[in-house]
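Architecture and fold: a report
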Amino acid sequence: MIEEKKEVVVIGAGPAGIAAAIRARQLGLETILIESRDVLGGIPLQCIHPGFGIHYFGEDLTGGEFIQRLIDKMHGIGVNYILNAYVHSIEIDSYIEKMVNVVTPNGVHKICTKTIIYAAGARERHLFELNIFGERPDGIYTAGEAQTIMDLYGVLPGENIVVIGSGDVGLIMARRFALEGANVRAVIEIMPYPGGLMRNIVQCLRDFNIPLYLGHAVTEIIGGRRVEAVRVAKVDEDMRPIKSTEFEIPCDTIVIAAGLTPNIDLLEKIGIAIDYRTKGPIVNELFETSIPGLFVAGNALVINDLVDYAAEQGEVAAEGAKIFVENDGIPTKSWKRIEPGRNVRFAIPHYISGERDVMLYARVQKPENDVYISIANLKIKMHNVRPAEMIRVKISTKIIAESRNTVIPVEVIPHEF
Amino acid sequence: MNSEEKELICIICPVGCSIKVNKTMDNISVKGALCNRGIEYARQEILDPRRIVMTVIRVKNGNLPVVSVKTSIPIPKKCIDKVLKLTALIEVEAPIEIGQAIAKDICGADLIATRRIEVKISKL
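Every value quoted in this text rests on a predicted model; they were computed, and no experiment measured them. (Residues numbered from 1 in each chain as written. Chains lettered and ligands numbered in written order. Predicted model: local features only at pLDDT ≥ 70, side-chain atom pairs only at ≥ 80, totals over all residues.)

All names here are of chain A. If you trace the 5 strands from one edge of the open sheet to the other, you get β11-β18-β12-β13-β14, paired in parallel fashion. Of all the strands in the sheet, just β11 (140-142) and β14 (212-214) have a single pairing partner and so form its edges. Shown here is a sheet whose adjacent strand axes are inclined to one another by a mean of 20°, direction ignored. Examined bridge by bridge, strand β13 (residues 183-189) and β14 share 3 bridges and lie parallel to one another. Its bridge partner lying in β14, Glu 189 is registered against Leu 214. Each of β11 and β18 (253-256) is contacted by helix α3 (residues 143-151), which is oriented at about 95° to β11, the strand it contacts most. Against the sheet, helix α4 (residues 168-179) touches β12 (160-164), β13 and β18, its axis set at about 170° to β13. (Pairing = 2+ DSSP bridges. Helix = DSSP H or I, 4+ residues; strand = E, 2+ residues; numbered from the N terminus. Axes fitted to C-alpha atoms, helices over the stretch in contact; angles between N-to-C directions. Contact = placed C-beta atoms within 7 Å.)

Structure (structure tokens):
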């Protein structure tokens, strides 16, 4: 057993974790980064499409290019890290001290630390969360699995593909299948509007004449050893399939692109407070959870649409860790609560102090045109808002200072109001 | 005079403007774009639609069996099929560095590696 003492332990070496580790090291904190896989980088490694880094590096990069830059930067400033290292548990010893128990190929590490930045990402929602019945033959993949098989290992999982869910990952994989010569039979989306960005509907589906079935659900998977078809039906207003509208689409491969959910099992075990809206932790403006000194960033905090935001959150968490280490806690006169209002599905962070400028991330419930985003006295005009597009707004200390209430509502309001 | 009207959705940024383009013999008018980049996109899309294309190419002696690549500039949409049929035939030798040109001047673009591939260490 190896015993160590650190000021910050970063869990997860994806974009949020690496950005956090870099920032923590730059701020002079004794830092260690723990990664369960045998490589640094996380999910962007398997993303070969562009659209990464436009905010963070001011350049349009692929996932692989983006993360390699971050990894090279990390090596450049000498951050300690362990690969193949699995965080078994976290123990909260006092307000200040925590113990991170890590299983590694060289034995168990017990790392005593003042702060933890948890950046273990998200997991894909799977078949059982979609209420799809029927057989369980070969040929069913999540979008992320299909992406790994195709774009890291160069294997095409099938020839006739049906994608379930129209989130951006599903759309991007539909394009990848089409580019590699597979026949994408359909993308099935239960909601009446697409889950992904309009630009991806255009460049991933329309470019390749891939049909998108909005307001439809897969009711059954048909097949013996291998997938043979899916049964699809229109849904009514309550999302229930309408039996009389059922039809079959023959296919040999099903790709589940049903979205992501924060991967926080380890944190649930130690009793952090969770927001039922985001399925992630409740946090303050430094992304500190309900356990003092335990910070969270990236998709473990909230499902982001851009890698740039995940990296940005990692940096904020590192700044939080620095403040915690210096002051034995986060000193604040008062916390004001952010309250999601009209057409706001969630808003992050949940508590702000007004002592520093804060980036607010929010998502709407339904698409709307010509609206204002209203946060206390701040009103921002938007041409359109869509659930697929995260809203990111900087709230200055001035806005918070002007608000006398302890609750700050975040709302989307139509122009005519 | 012959005129052709087309509705497009801009793919330049996440806003996704709905754009109406009217093309006559000597003029293209663009309505509905919120910025100049959208106007430029609409013109390009009507005259010569182009896309960045990404795929993977087989690697010899690499720590991974394939390397990801992208076209250095957007290529004409009608060339996409041709490029992918060609990339299916290419094989490159490890090591490969990000930014390395794997193939040059295909439909006016180079194929650029977007992943670092190291030489496979064979275990004796």
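Now that the structure is up, let's keep going.
We now examine the interface of chain B and chain A. The partner chain A presents 20 residues to the 24 residues of chain B that form the contact. Of all the secondary structure elements, the ones that give two or more residues to the side of chain B that touches chain A are β5 (54-60) and β6 (66-71) of chain B. With 4 residues, the top contributor of residues to the side of chain B that touches chain A is β5(B). For the side of chain B that touches chain A, a count of residues per class yields 14 nonpolar, 4 polar and 6 charged. (Nonpolar A, V, L, I, M, F, W, Y, C, P; charged D, E, K, R; others polar.)

All names here are of chain B. Relative to strand β3 (residues 28-31), strand β2 (residues 18-24) is paired through 4 bridges, and the arrangement is antiparallel. By the bridge assignment for β3, Val 21 is matched with Val 30. Connecting the antiparallel pair β2 and β3 is a turn made up of 3 residues.

All names here are of chain A. Taken domain by domain, chain A holds domain 1 (1-124 + 259-330), domain 2 (126-258) and domain 3 (332-417). Computed over C-alpha atoms, the centres of domain 1 and domain 2 are 32 Å apart. Taken residue by residue, the interface counts 7 residues in domain 1 and 13 residues in domain 2. (Domains from an automatic or database assignment.)

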